[in-house]
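# Examination of the molecular architecture
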Amino acid sequence: MHPRRALRPGLLIGASLLVSACTALRGGAHAAPPTARVPAATARATFDSLRTTLDRAIADGAFPGAYAAVGTADGLIAEYGAGQLDAADGTRPSARTVWDLASLTKVIGTTSAVLQLVGAGKVGLDTPVVRYLPEWTATGADRITVRHLLTHASGLPAWRALYKEAATPAEASAQLFATAPDTLPGVRTVYSDLGFILLGKLVERVSGTSLDQYEQRHVFAPLGMADTRYLPPAAWRARTAPTEVDPWRQRHLRGEVHDENAARLGGVSGHAGLFSTGRDLARFARAYLNFGRLDGVRVFDSVTVAAFITPQDTTLSRRGLGWETATGSNSAGRRLARTAFGHTGFTGTSIWMDPQRGVFVLLLTNRVNPTRENRKIGAVRTAVADAAVGALDGLSRMESR
């Protein structure tokens, strides 16, 4: 049930009144987002659930800093920033903190672009990828469709160390196009970065522009996502959460992409490379919960959105097109509806949207700081989702008695 029906209207509370003082950092073009029409007690309970869960994770050493937000298509219910950006930077994360999204790039950027091109009839889901990328001449590539890449059922290997095999973006692309599937498409699901690098190339070929320029013009600018981009400028560095002390580059990364293959490809790729803020991603989530429309602007075709968030072949997985869907055992936790869809990122990011409830849950962290060997993020993701939805559901049931 949509929260505008499940949660009876009551006293409105602005999320900015509930969160820590970090939200005071907003200003100028970054005005506070609208608040969802929920009872004051619901907003308080949701905020408390985020604060308790994130503060516990900070104490447990899951990450240096985090920002979480819960909202509806109308706006925020609650948000909370915990910890600090880095051991050497005590700044508390806020809605304006810039995070390396890692594999959220696949859905925020690449999937959005492909969705638009499919909706416009410029890309066919069941068209062989080589129709758009004839330079992909590897054995077996001709059997792989766009749908196969989006659902990770292409037969491609999960990964290839392009950054070790190539010295330039051009050489890395050549290695990509030389990569063959290791099994037939449609036989199994193997999560593959390579498939989404290819999808990024496909967007560039079909649109006639670079991936970053396409997404900026057609996705981020129309949605008012002013702080979402590849290759963030130096001016953003102070509010960017550092990631790993990288053994390959021999430095602590801050404001440059963590993913090595994305770095070798020049920082712009279909699988990783995007940076964004909680403010921007809340706008993105609200647009998806509105099936492609935000603030009177339609960015995605609603019918195509519905197709992309629907599981495609449940004999293989519950994956939609680009998106994961809730299984009860993945990062969506146990309480979001099975119609919920979302994704995670290696650096410690995740986003989930539940169209049945009309709710989104956003978590942004830098769990790879100072090392990727910190693996506590998995439990935190599910705890945040379960705590937030539990707060909403518990109060909804109590208030309906």
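Before reading further, recall that the structure is shown in the block above.
All residue numbers refer to position in the chain's written sequence, counted from 1. Where local features are concerned, this predicted model is filtered to residues with pLDDT of at least 70; where side-chain atom pairs are given and counted, the filter is 80 or more; whole-chain, interface and lining totals use all residues. Note that the side-chain values use all heavy atoms of the structure and ignore hydrogens as well as water.

### Considering the environment of D142
For the record, the criterion: A run of DSSP states H or I qualifies as a helix once it reaches four residues; a run of E qualifies as a strand once it reaches two. Both are numbered from the N-terminal end. Contacts are assigned to residue pairs with any non-hydrogen atoms lying within 4.5 Å of each other.
As for its position among the elements, D142 is in the loop between helix 4 (104-119) and helix 5 (146-150). Leaving out residues up to four positions away in the same chain, D142 has contacts with P128 and V130.

### A look at the environment of L316
So the rule is basically this: With a 1.4 Å probe rolled over the protein chains alone, any residue whose accessible area is under 20% of its type maximum counts as buried; one over 50% counts as exposed, and the rest are partly exposed.
Its location among the elements puts L316 in the loop between helix 12 (302-308) and strand 9 (324-325). Of the residues examined, L316 reaches a relative accessible area of 26% and is grouped as partly exposed. In this view, L316 contacts A153, G186, V187, R188 and T189; residues no more than four positions away in its chain are not counted.

### A look at the pairing of strand 1 (residues 65-72)
Put simply, the rule reads: At least two DSSP bridges between two strands are required for those strands to pair.
Of all eight residues that make up strand 1, eight are buried, and the element is covered over most of its length. The side-chain alternation of strand 1 yields two buried faces, one formed by G65, Y67, A69 and G71 and the other by A66, A68, V70 and T72. Across seven bridges, the pairing between strand 1 and strand 2 (residues 76-83) is antiparallel. Its bridge partner being in strand 2, A69 is matched across the sheet by E79. Linking two consecutive strands that pair antiparallel, namely strand 1 and strand 2, is a turn of three residues. Alignment of strand 1 against strand 12 (residues 359-365), held across seven bridges, turns out to be antiparallel.

### Section: empty space enclosed by the protein
Over the atoms, a rolled probe matching the size of one water molecule traces out where space is still vacant. Defined as follows: Lining residues are those with an atom within 4 Å of a point, where the points come from a 1 Å grid over the protein atoms alone and group into cavities, where a 1.4 Å probe fits but cannot get out, or pockets, open sets with protein on both sides within 12 Å along at least five of seven lines. Grid points are joined across faces, edges and corners, and a volume is the space filled by probe spheres set on the points. Three classes are used: nonpolar for Ala, Val, Leu, Ile, Met, Phe, Trp, Tyr, Cys and Pro, charged for Asp, Glu, Lys and Arg, and polar for all others, with Gly counted as polar.
For the structure on display, the rule yields one cavity of 30 Å³ or more. A volume near 40 Å³ is recorded for the largest cavity. In this structure, the largest cavity is lined by S331, S350, W352, V361, L363, R381, V384 and A385. Looking at the lining of the largest cavity, the elements with two or more residues in it are strand 11 (349-354), strand 12 and helix 13 (377-399). Counting residues per element, the lining of the largest cavity draws most heavily on helix 13, which supplies three residues. Its residues assigned to classes, the lining of the largest cavity shows five nonpolar, two polar and one charged.

### Examining helix 9 (residues 211-220)
An α-helical segment advances 3.6 residues per turn. Residues three or four places apart therefore align on the same side. Selection criterion: As used here, the arc belongs to the directions running from the helix axis to the C-beta atoms.
All of the buried residues in helix 9 are L211, Y214, E215, V219 and F220. Down the axis of helix 9, the buried side of the element spans an arc of 145°, and every buried residue falls inside it. On the buried face of helix 9, the contacting elements are helix 4 and helix 8 (193-207).

### Some points on the packing of aromatic side chains
This is how the line gets drawn: Aromatic rings from Phe, Tyr and Trp, with only the six-membered ring used for Trp, were paired whenever their centres fell within 6.5 Å, and each pair was classed as stacked if the ring planes differed by under 30 degrees, edge-to-face if by over 60, and tilted otherwise. The criterion is that NZ of a Lys, or CZ of an Arg, lies within 6 Å of the ring centre and within 35 degrees of the ring normal, and then a charge sits over that ring.
Applying the stated criterion across every chain yields a total of nine aromatic pairs. Look at W159 and Y163: their rings are 6.3 Å apart centre to centre, the planes differ by 55°, and that puts the pair in the tilted class. Given the relative accessible area of 44%, W159 is considered partly exposed. On the basis of relative accessible area, Y163 is assigned to the buried category, the value being 9%. Considering the side-chain rings of W323 and F341, the 5.2 Å spacing of their centres and the 80° angle between planes classify their relative orientation as edge-to-face. Here W323 is found in the loop between helix 12 and strand 9, whereas its partner F341 is found in strand 10 (residues 341-345), with 18 residues between them in sequence. Across this residue pair, the class does not change: W323 and F341 are buried. These aromatic residues form a ring-pair network of at least three members: F284, Y288, F300, W323 and F341. One cation-aromatic arrangement involves R239 over W236; the distance from NZ or CZ to the ring centre is 5.4 Å.

### Digging into the layout of surface pockets
Volume-wise, the largest pocket comes out at about 380 Å³. Those elements that place two or more of their residues in the lining of the largest pocket are strand 10 and helix 13. Ranked by the residues each element gives to the lining of the largest pocket, the list is headed by strand 10, at three residues. Along the lines of polarity and charge, the residues of the lining of the largest pocket split into seven nonpolar, eight polar and ten charged. Empty space within the second largest pocket amounts to approximately 170 Å³. Lining the second largest pocket, in full, are D212, Q213, Q216, F220, M225, A226, T228, R229, Y230 and L231. Residues that form the lining of the second largest pocket fall into these classes: five nonpolar, three polar and two charged.

### Concerning the environment of R298
Put simply, the rule is: For the purposes of these results, a polar contact is taken to be a pair of N or O atoms within 3.5 Å, where, inside protein, one atom must be able to donate a hydrogen and its partner to accept one; residues adjacent in sequence count only when each atom of the pair is a side-chain atom.
Mapped onto the elements of the fold, R298 is located in strand 8 (residues 297-298). Counting along the chain gives 75 residues from R298 to L223, while the straight-line C-alpha distance between them is 8.9 Å. Discounting chain neighbours no more than four positions away, the residues touching R298 are F291, G292 and R293. A polar contact is formed between the side chain of R298 and the backbone oxygen of F291, at a distance of 2.9 Å.

### Some thoughts on the side chain of R357
Position of R357 relative to the elements: it lies in the loop between strand 11 and strand 12. The buried category is assigned to R357, whose relative accessible area is 18%. At 3.1 Å, the side chain of R357 and the side chain of D354 are in polar contact.

### Thoughts on the sheet that holds strand 1
Paired through their backbone hydrogen bonds, the strands of a sheet run either parallel or antiparallel. The test is simple: Think of each axis as a best-fit line through the C-alpha atoms, taken over the contacting stretch in the case of a helix, with angles from 0 to 180 degrees between the N-to-C directions.
Taken in spatial order, the six strands of this open sheet run 2-1-12-11-10-9, and their pairing is antiparallel. In this open sheet, the two edge strands, each paired with only one partner strand, are strand 2 and strand 9. Packed on one face of the sheet, helix 3 (residues 40-59) meets strand 1, strand 2 and strand 12 and runs near 20° to strand 2.

### Digging into the pattern of salt bridges
As a reminder, the rule being used: Salt bridges, as used here, are contacts in which a Lys or Arg side-chain nitrogen is within 4 Å of a carboxyl oxygen on Asp or Glu.
For the structure on display, the rule yields 21 salt bridges. With a closest N to O distance of 2.7 Å, D193 and K106 form a salt bridge. Within this pair, whereas D193 is found in helix 8, its partner K106 is found in helix 4, the two being separated by 87 residues in sequence. Taking the relative accessible area as the measure of exposure, D193 reaches 12% and is therefore buried. Judged by relative accessible area, which is 0%, K106 ranks as buried. By sharing partners, the salt bridges in this structure join D246, R249, R251 and E256 into a single network.

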